[in-house]
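# Structure at a glance
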Amino acid sequence: MDGGRGKVSRMDVHDLSKKQILQSALKLRAEGWLFRRGDEELEDLFCGSIDRFCDIAFRLRGCKRVLDIGAGNGVLLSLLSGLGHECHALDVVDRAAAYPEIYRDKQIRFQVCNVEVDPIPYPDGYFNAVVCCQVLEHFTHSHLPTMQEIRRVLAPGGVVEADVPNVAGFRNRSRLLRGKNITYDYEEHYLYAKPILHNGMSFYPLRHNREFTRKELEILLKAAGFRDIEVSFLKSRRYRTGWRRLISLGTALKDALPSLRKSLIAFARK
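An account of the accompanying structure is given in this report. Throughout, a residue's number is its position along its own chain's written sequence, starting from 1. Only residues with pLDDT of at least 70 are given local features in this predicted model, and only at 80 or more are side-chain atom pairs given and counted; all residues enter the totals for whole chains, interfaces and linings. Note that the side-chain values use all heavy atoms of the structure and ignore hydrogens as well as water.

### A closer look at the packing of aromatic side chains
Working definition: rings of Phe, Tyr and Trp (its six-membered ring) pair if their centres are within 6.5 Å, and the pair is stacked with planes under 30 degrees apart, edge-to-face with planes over 60 apart, and tilted otherwise. Scanning the entire structure with this criterion turns up 6 aromatic pairs. When the ring of phenylalanine 35 is compared with that of phenylalanine 46, the centres are 6.0 Å apart and the planes differ by 55 degrees; the resulting orientation is tilted. Taken together, the residues span a long stretch of sequence, with phenylalanine 35 in the loop between helix 1 (18-30) and helix 2 (40-59) and phenylalanine 46 in helix 2 at a distance of 11 residues. Like phenylalanine 35, the residue phenylalanine 46 is buried in the burial classification. With a centroid separation of 5.0 Å and an interplanar angle of 80 degrees, the aromatic rings of tyrosine 126 and phenylalanine 127 are classed as edge-to-face. Members of the aromatic cluster, joined through ring pairs, are Phe35, Phe46 and Tyr239. Helix numbers and strand numbers start at the N terminus; a helix is a DSSP run of H or I with at least 4 residues, a strand a run of E with at least 2. Burial status follows relative accessibility: with a 1.4 Å probe on protein chains alone, a residue under 20% of its type maximum counts as buried, one over 50% as exposed, and anything between as partly exposed.

Below you can see the structure in the form of structure tokens.
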């Protein structure tokens, strides 16, 4: 570890356990290195996603060069950068200007790209890993061309990660039983929604257009040519301290039956 900033040297990719990754993430957050402290949006994202991010970082150990598709505010990439990965980012809108302490200061290359229809702007076999977190459900059109592009830019043996909402989860079933839809507000996001136009095509990325079953995510990865496909139900763990840990007991009960969990996560290899 680098005592000055509390991060692994960028000369090496980490070989840490998931528990050690969480400890590193908490240290980087406390130092204000992971993201700017006091930003309520990023603090909430950290608490809600850090368990998943640690899962991803653990599975990507040894993967030097990583691309995040739909990188958003870049907190996952900030963690991966702190662990020694060379990080790159794509998103449909420019987020780099809003988070300079992540993209500029950590030298994470950010490019605007609509991966639904645009080629990923990197050569064949360039990355050791590509992550796609909570993105595919926002696609307006087929997911297959993007997955094929991801496979193209992965080196042989490279890892792809994708996590998406589980359409058969407890929340969705409960909403349907109460006569509610599982998706976003109908009037705002569907009835009166205006598309984003790109290359003469319409896109609706500000809503969920298609959630997934476990089998569907497996079908997608298989159709794109990936191997060693693993799709599992993701636990809804939120980082809490003090008495708030008691709230996690209710979440653990909801997670007791894996098929009712909120999200799916998949890993596969080229």
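### Concerning the pairing of strand 9 (residues 263-269)
Where burial is concerned, most of strand 9 is hidden: 6 out of the 7 residues are buried. As defined by bridge partners, strand 5 (residues 154-165) adjoins strand 9 across 7 bridges and the pair is classed as antiparallel. Residue pairing across strands places valine 159 opposite arginine 269, the latter belonging to strand 9. Strand direction decides the pairing type here: strand 8 (residues 227-234) and strand 9, joined by 6 bridges, are antiparallel. Bridged to arginine 227 within strand 9 is arginine 269. Here, any two strands with at least 2 DSSP bridges between them count as paired.

### Overview of the environment of valine 159
Of note, valine 159 is situated in strand 5. When the C-alpha atoms of valine 159 and proline 205 are compared, they prove to be 25 Å apart, with 46 residues separating the residues in sequence.

### Side note on the side chain of asparagine 172
With respect to the element layout, asparagine 172 can be found in helix 6 (residues 170-177). A distance of 3.1 Å separates a polar side-chain atom of asparagine 172 from the backbone oxygen of valine 167. The definition of a polar contact used here is a pair of N or O atoms within 3.5 Å, where within protein one atom must be able to donate a hydrogen and the other to accept one, and adjacent residues in sequence count solely through side-chain atom pairs.

### Re unusual backbone geometry
Glycine aside, the phi torsion of most residues is negative, and most peptide linkages are trans. For glutamine 134, which is not glycine, the phi torsion reads 50 degrees and is therefore positive. For glutamine 134, the location among the structural elements is in the loop between strand 4 (127-133) and helix 5 (144-153). The class of glutamine 134 is partly exposed, set by a relative accessible area of 27%. For asparagine 199, which is not glycine, the phi dihedral falls at a positive 50 degrees. You can see asparagine 199 is positioned in the loop between strand 6 (196-198) and strand 7 (201-203). What makes asparagine 199 exposed here is its relative accessible area of 61%.

### So, the environment of glycine 225
Relative to the assigned elements, glycine 225 resides in the loop between helix 8 (214-223) and strand 8. Residue glycine 225 is classed as partly exposed on the basis of its relative accessible area of 35%. Expressed as a C-alpha distance, the spacing of glycine 225 and methionine 147, which sit 78 residues apart in the sequence, is 8.8 Å.

### Some thoughts on the side chain of histidine 88
As for its position among the elements, histidine 88 is in strand 2 (residues 86-91). Judged by relative accessible area, which is 6%, histidine 88 ranks as buried. Of note is the side chain of histidine 88, whose polar atom sits 3.0 Å from the side chain of tyrosine 122. Residue contacts are defined here by distance: any two heavy atoms, one from each residue, within 4.5 Å place the two residues in contact. If sequence neighbours within four positions are ignored, histidine 88 has contacts with Arg65, Val66, Leu67, Asp68, Leu77, Ile108, Arg109, Tyr122, Tyr126 and Phe127.

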